[in-house]
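# Architecture at a glance
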Amino acid sequence: MKKPQFKQFAIAALLMGGLLASCEKNQDELQQPDAQESFEVVALQQADESEWVSEEVINVAEEVYAAEELAASGKLTAKSGFIPECVTITTVQTATSVEKTIDFGEGCETPNGNFISGAVILSYSKDMEQATKTLSLSLSNFTFNGIAVEGGAQILRMRSNANGNPQSDISSAFNGTWPDGETASWEGNRTREWIEGYGSGFWGDNVFLITGSQTFISRAGNTYNRTVLEALRRELSCRFIVSGVLQINRNDLSASLDFGDGNCDGFGELTYPDGTTETVPLRRFRP
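So, a few notes on the structure that sits alongside this text. (Residues numbered from 1 in each chain as written. Predicted model: local features only at pLDDT ≥ 70, side-chain atom pairs only at ≥ 80, totals over all residues. Heavy atoms only, no water.)

## Quick look at the pattern of salt bridges
To be explicit about the condition: Note on definitions: salt bridges are taken to be side-chain nitrogens of Lys or Arg within 4 Å of carboxyl oxygens of Asp or Glu. Only runs of H or I of at least four residues qualify as helices and only runs of E of at least two qualify as strands under DSSP, and these elements are numbered from the N terminus. Burial status follows relative accessibility: with a 1.4 Å probe on protein chains alone, a residue under 20% of its type maximum counts as buried, one over 50% as exposed, and anything between as partly exposed.
If you walk through the whole model with that rule in mind, you get 13 salt bridges. Across the salt bridge formed by Arg226 and Glu51, the nearest N and O atoms sit 2.6 Å from each other. Taken together, the positions of Arg226 in strand E10 (residues 223-235) and Glu51 in helix H2 (residues 41-72) put the pair 175 residues apart, joining distant regions of the chain. Like Arg226, the residue Glu51 is buried in the burial classification. The partner of Glu68 in a salt bridge is Lys100, with the nearest N and O atoms 3.5 Å apart. Separated by 32 residues along the polypeptide, Glu68 in helix H2 and Lys100 in strand E2 (residues 97-103) bring together distant segments of the chain. Sharing partners across several salt bridges, the network here consists of Glu55, Glu56, Glu62, Glu69, Arg157, Arg192 and Arg234.

## Quick look at empty space enclosed by the protein
Quick reminder of the rule: Think of a 1 Å grid over just the protein atoms. A cavity is a set of points where a 1.4 Å probe fits yet cannot get out, a pocket is an open set with protein on both sides within 12 Å along at least five of seven lines, and lining residues have an atom within 4 Å of a point. Grid points are joined across faces, edges and corners, and a volume is the space filled by probe spheres set on the points. In the scheme used here, Gly and all other residues not listed as nonpolar or charged are polar, with Ala, Val, Leu, Ile, Met, Phe, Trp, Tyr, Cys and Pro taken as nonpolar and Asp, Glu, Lys and Arg as charged.
Enumeration over the complete set of coordinates arrives at 1 cavity of 30 Å³ or more. Considering only enclosed or pocket space, the largest cavity measures out at about 240 Å³ in volume. In terms of lining, the largest cavity is formed by 23 residues, of which the most central are Glu51, Ser54, Glu55, Arg190 and Ile210. The set of elements that each furnish at least two residues to the lining of the largest cavity consists of H2, strand E7 (167-177), strand E8 (183-196), strand E9 (207-217) and E10. The greatest single-element share of the lining of the largest cavity, amounting to 6 residues, is contributed by E8. In terms of residue class, the lining of the largest cavity is built from 9 nonpolar, 6 polar and 8 charged.

## A closer look at the side chain of Ser117
In plain terms, the rule: Each polar contact in these results corresponds to two N or O atoms within 3.5 Å; when the atoms are within protein, one needs to be able to donate a hydrogen and the other to accept it, and residues that are neighboring in sequence are counted only if both atoms are side-chain atoms. Any two residues whose heavy atoms approach within 4.5 Å are treated as being in contact.
Turning to its location among the elements, Ser117 is positioned in strand E4 (residues 115-125). On the basis of relative accessibility, which here comes to 10%, the residue Ser117 falls in the buried class. There is a polar contact of 2.4 Å between the side chain of Ser117 and the side chain of Thr143. Not counting the four nearest positions on each side in its chain, Ser117 is found in contact with Phe104, Gly105, Glu106, Gly107, Asn141, Phe142 and Thr143.

## Section: the pairing of E9
Formally: Strands pair, by our definition, only if DSSP identifies at least two bridges between them.
For E8 and E9, the ladder comprises 11 bridges, and the chain directions are antiparallel. Bridge pairing links Asn189 to Ser213 in E9. Pairing of E9 with E10 involves 9 bridges; the strand directions are antiparallel. By the bridge assignment, Ser213 is partnered in E10 with Thr227. Here E9 hands over to E10 after 5 residues, with Gly221 in that stretch at a positive phi of 90 degrees.

## Some words on the pairing of E4
One ladder, built from 7 bridges, connects E2 with E4; its direction is antiparallel. Pairing of Glu99 across the sheet is with Ser123, part of E4. Relative to E4, strand E3 (residues 108-109) is paired through 2 bridges, and the arrangement is antiparallel. Within E4, the position partnered with Glu109 by the bridge is Phe115. Following E3, the chain reverses through 5 residues before pairing antiparallel with E4; Gly113 in that reversal takes a positive phi of roughly 95 degrees. As judged from the 7 bridges shared by E4 and strand E5 (residues 132-144), these two strands associate in the antiparallel manner. Paired with Ala119 across the two strands is Ser140, which belongs to E5. The turn joining E4 and E5, which pair antiparallel and follow one another in sequence, is formed by 6 residues.

Right under this line is the structure:
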């Protein structure tokens, strides 16, 4: 009777050992996520949309401020036509400050095809002769292409940088709720150099170079750190970044996203940590 009992114990031990090995393997797999799963295209699209939101919010503010700046300098051409006629701009001044409420009401479409509702509130000192100035930005009941956005930014506005161009150093923090209920938050520091079109009188020839970094936290709590490796080129006439390279880090893994060679399209080349590449769509087209 003892030998069969020993045999049963031996079999049980082997089974237990196999089970433990299997559990350890599964645990290792959980601790070491697949590189491509760490860079899900859906999350990258949402992160790219968050940058798009930030960029357009700042652009609205800069367009309004630039009109004031140009008017104060005595230039005849102040308005570029980017701010739609349906937008109401209310100005409140004190002896030292200016506050502008840029109200899109129930919704207005910008010339480059974005639909915005709610208001951008911009405040700054009244002295338009300052070489640099801090602008404070906040949002009220704001939506961008159906994304409800809250938050604000501080903009250090330089009238002329070392290249002779207007420049904005931006510290921002926003959170958004997408039409399907997905939520996310993002914050970062960016430099936005206005390299073409300033004061031309037409919004469509405005071009910006963007550098800096952003931290994006998805609904699932995953954090993506996005750092510009090659300056992102934003042509206001296009809905997408047309060139430049981002480095994206998550879970100690690093990927890169190349926005292309200057064509206006909604795709980028994503290079995964293992070196494989994939052409991925960027952003959700406006419903």
